[in-house]
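Structure at a glance
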Amino acid sequence: MPNTSPAEVLRREIASVLAAESAHQVPRICARYGLAEGTGQEAFSGKIRYVMNRLQDLSSNQVLKIGQAVQADYQHRELALAVAAVEDIDLPRLSNVTRRRLIAALDSIDLPGSLGIIAFLEPVFDLDAIPSPYRAQNSFYFERMIRVDIEQHCIANDDWKNSELLGHLGFVSCHQRVVFNLLERLVDPEIRSDADQIVLERVMN
């Protein structure tokens, strides 16, 4: 859907998540998020259509607020990505070239600061939803997620550079919100000392 707007994708993801509920519950759940009330009979004729009909005329900002509320309750990966895409709209645009330069700059710093690498990354990346980079090479790793690889290559063996780790996490292609969240984490004074922040500033400049 290359021409589909982020807001429209978000509408569809909200509808998909809520439509997983039983038809007689959908009207009540929709009303809980401020959507127009309807009847169970209408929902039984098509749950996704029922939700979409109530989202279609809302502004992008209204849809975003509903998406954020639904995501807080359901914790759905695809919905989270759709919410992030709409949140990203007003952020400065980061090109792939800029992202690659950031990756290169971060190769020379102590990425997690005073934290362990897992604790540093978890608030930014869903480590249990990102596939292992080795899954494409070996069917043995079919169900393996990147958390296992990070534990092996960044903790046990310590043989991944920061650039490799960020590449495997999808830093170049992820939503901009994720990039900015990572950068905010890098300069968090509770994670990094003043001296380390000075070094980080020099590297990033």
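See above for the structure.
The following paragraphs examine the structure supplied in this document. (Residues numbered from 1 in each chain as written. Predicted model: local features only at pLDDT ≥ 70, side-chain atom pairs only at ≥ 80, totals over all residues. Heavy atoms only, no water.)

1. As for the layout of surface pockets
The space that makes up the largest pocket amounts to roughly 600 Å³. The wall of the largest pocket is formed by 23 residues, among which A80, L81, V124, D126 and V178 lie closest to the centre. Of all the secondary structure elements, the ones that give two or more residues to the lining of the largest pocket are α6 (77-87) and α11 (176-186). With six residues, the top contributor of residues to the lining of the largest pocket is α6. Residue composition of the lining of the largest pocket, by class: eleven nonpolar, seven polar and five charged. (1 Å grid on protein atoms, 1.4 Å probe; cavity = no way out; pocket = protein on both sides within 12 Å on 5 of 7 lines; lining within 4 Å. Points joined across faces, edges and corners; volume = space filled by probe spheres on them. Helix = DSSP H or I, 4+ residues; strand = E, 2+ residues; numbered from the N terminus. Nonpolar A, V, L, I, M, F, W, Y, C, P; charged D, E, K, R; others polar.)

2. Concerning the pattern of salt bridges
Using the criterion set out here, one finds nine salt bridges in the structure. Two residues, R11 and E8, come together in a salt bridge whose shortest N-O distance is 3.4 Å. Residue R11 and its partner E8 are both found in helix α1 (residues 6-18); the two are separated by three residues, about one turn of the helix. Judged by relative accessible area, E8 falls into the buried class, the value being 15%. Shared partners join several salt bridges into a network, and the residues in it are E8, R11 and R12. (Salt bridge = Lys/Arg side-chain N within 4 Å of Asp/Glu carboxyl O. Buried < 20%, exposed > 50% of the residue type's maximum accessible area, 1.4 Å probe, protein only.)

3. Side note on the packing of aromatic side chains
Taken as a whole, this structure holds zero aromatic pairs when the rule is applied. The cationic tip of R54 hangs over the ring face of Y50; the distance from NZ or CZ to the ring centre is 3.7 Å. (Phe/Tyr/Trp six-rings, centres within 6.5 Å; stacked < 30°, edge-to-face > 60°. Lys NZ or Arg CZ within 6 Å of the ring centre and 35° of its normal.)

4. Some words on helix α9 (residues 146-156)
Along α9, the residues classified as buried are I146, R147, D149, I150, H153 and C154. For α9, the angular spread of the buried residues around the axis is 155 degrees, confining them to a single face. Buried-residue contacts for α9 involve α8 (117-121) and α10 (162-168). Within two residues after α9, D158 carries a phi angle of roughly 50 degrees, on the positive side. (Arc of directions from axis to C-beta. Contact = heavy atoms within 4.5 Å.)

5. Quick word on the environment of R11
For R11, a relative accessible area of 8% gives the class buried. For the pair R11 and A23, spaced twelve residues apart in the sequence, the C-alpha separation amounts to 18 Å. The residues contacting R11, other than those within four sequence positions of it, are M52, L55, Q56, L58, S59 and V63.

6. Examining the packing of α1 against α6
As a packed pair, α1 and α6 sit with axes 9 Å apart at the nearest point and diverge in direction by 155 degrees. Classified by the angle their axes make, α1 and α6 are roughly antiparallel. Like other packed secondary-structure pairs, α1 and α6 cross with a definite hand, here left-handed. Of the residues in α6, those touching α1 at P6, A7, V9, L10, E13, I14 and V17 are E78, L79, A82, V83, A85 and V86. Looking at the contact of α1 with α6, its residues break down into eleven nonpolar, no polar and two charged. (Axes fitted to C-alpha atoms, helices over the stretch in contact; angles between N-to-C directions. Parallel < 35°, antiparallel > 145°, perpendicular 65-115°, else oblique. Left-handed = near helix turned anticlockwise from the far one by under 90°.)

7. Considerations on unusual backbone geometry
For residues besides glycine, phi is generally negative; the peptide bonds are generally trans as well. A positive phi is found at Q75, a non-glycine position, where the angle reads about 50 degrees. As for its position among the elements, Q75 is in the loop between α5 (60-74) and α6. Positive phi is not limited to glycine here, since D158 has a value of about 50 degrees. Within the fold, D158 resides in the loop between α9 and α10. Its relative accessible area of 57% is what places D158 among the exposed residues.

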